[in-house]
Amino acid sequence: MNLFGLMETSGSAMEAERMRAEVVAANMANTDTTRTAAGGPYRRQEVVFAADRDDPNFLNSMSDAASIQPTGVSMPALPAIDPLGSAAVAPGVRIAAVVQDPSPPLKRYDPGHPDADAQGYVSYPDINPITEMVDLMGATRAYGLNGSAVQAEKSMITSALEIART
Amino acid sequence: MGMEIATRLSDQLARYIDLASDEAKLTAANVANIDTPGYRAVGMNFEAEMRRAVTDVDDNRPEQAVRVTDVDGLVARPDGNDVSMDREGLNMAQAQLEYKTGVSLLRIEYQRVMDAIHADSK
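Parameters at a glance
Residues numbered from 1 in each chain as written. Chains lettered and ligands numbered in written order. Predicted model: local features only at pLDDT ≥ 70, side-chain atom pairs only at ≥ 80, totals over all residues. Axes fitted to C-alpha atoms, helices over the stretch in contact; angles between N-to-C directions. Helix = DSSP H or I, 4+ residues; strand = E, 2+ residues; numbered from the N terminus. Parallel < 35°, antiparallel > 145°, perpendicular 65-115°, else oblique. Contact = placed C-beta atoms within 7 Å. Nonpolar A, V, L, I, M, F, W, Y, C, P; charged D, E, K, R; others polar. Expected span 1.5 Å × (residues − 1). Buried ≥ 20, exposed ≤ 12 C-beta atoms within 10 Å, placed from the backbone.

Enquirer: Just to check I follow, could you spell out the packing of helix H3 (residues 129–161) of chain A against helix H3 (residues 85–117) of chain B for this structure?
Expert: Two numbers describe a pair of packed helices, the interaxial angle and the distance between the axes. In the contact formed by H3 of chain A and H3 of chain B, the axes pass within 9 Å of each other and the chain directions differ by 5 degrees. Classed by the angle they form, the pair H3 of chain A and H3 of chain B counts as roughly parallel. Contacts from Leu 145, Ala 149, Ala 152, Ser 155, Met 156, Ser 159 and Ala 160 of chain A of H3 of chain A reach H3 of chain B at Met 85, Gly 89, Met 92, Gln 96, Tyr 99, Lys 100 and Val 103 of chain B. Classifying every residue of the contact of H3 of chain A with H3 of chain B by side-chain character gives nine nonpolar, four polar and one charged.

Enquirer: Please explain the interface of chain B and chain A as it appears in this structure.
Expert: It is common to report an interface's size as the accessible area lost on association of the parts. In this assembly, 35 residues from chain B lie in contact with 33 residues from chain A. Those elements that provide at least two residues to the side of chain B that touches chain A are helix H1 (8–32), strand E2 (69–70) and H3 of chain B. Of all the elements, H3 of chain B adds the most residues to the side of chain B that touches chain A, at eleven residues. Partitioned by chemical class, the residues of the side of chain B that touches chain A number 18 nonpolar, eight polar and nine charged.

Enquirer: Looking at this structure, I do not really get H3 of chain B. What am I missing?
Expert: In an α-helix, one full turn covers 3.6 residues, which means residues spaced three or four apart are oriented alike. Between the first and last C-alpha of H3 of chain B there are 48 Å, a value that for 33 residues agrees with the 48 Å anticipated at 1.5 Å per step. Looking at H3 of chain B, one finds that the buried residues are Glu 88, Asn 91, Met 92, Ala 95, Gln 96, Glu 98, Tyr 99, Gly 102, Val 103, Leu 106 and Glu 109 of chain B. Residues of H3 of chain B that are buried in the fold lie against H3 of chain A together with H1 of chain B.

See the structure below:
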C-alpha cells in the first residue's frame, strides 16, 4: 500500500478538473467567434471523464466513443457498466474525449457583418453563459475537494514519518 | 518464545494503519471520479476487515487483500454516477484520523520496546 499512489489519484483528478475549467474558459471566450480554422462559427466544447481503470471493456467502449469525436456531431453513448466488475478500484481519472456540442449555431440578423450569409444572418456559437458558469462551479468544487484530499494524504504521510522519530 | 521486537499489538496496529490507508485509497478514487459518467462509488466494511486482520495476526497468516464492494443506498445522478461529496469528505476525514490514531499508538508501542532495550542504562 503506497500513500503516494493516493496523491497520484487525486492529482489526476485535479488535472482533469483544471482541463474542464480551461474548456469552459475557452467556451466563454469564444461566445462571439464567427470564424474558426475549421470554418463556420466556434462550437461549444465539453470534456468527458473516464475512470482510469484496467477494465478492457470499459476502456474499449470509451475509446470507441472517442473515435467518433473528430466529426464532432454526436456525444458518445455512456458506456455500459458491468455491475459485478465495477467494484475494482480506479487508480484515477482521465479525460476520455473533448466533444463538440452538436446543437446548431444561433442565427442573428446582421447584414453588415462580414460573415453574414446571403440572407443577412450571422451564425454565432450556441453558448449559454449560465450553463458555462454552472460547469465552472462544478469544476472548481471538484478541484477543491481533490485538493483537500491531497492535504489529507500529505498529513498522513507526515504522521507516518513520526513513527521513526524518537 | 523467542526475542521479538514486533509485538502482537504492533502487528495489529500495522494492519489497522494499512486498513485506514486502504479506506483513504477508496475514498480518493471515489472523489477523483466524482464527474465520471457511470462511475459507482466503492467502499469497504472497516469493522469486518479489522476483525479478519486480528484473527490473521493471531493465526500468523499473511495480510489479505481488502474486500471492496459497491456502496449501497446512494442516489445516482442522471449520468449513472453515485459519488456523494459529503460521504467522501467525511470518509476521508475519518480515514485520516484512524491513520493518525494508529500511528500514535504504534509510536507508544515502539517506545515501550525502546524503554525495555534501554532499561539497564537508567
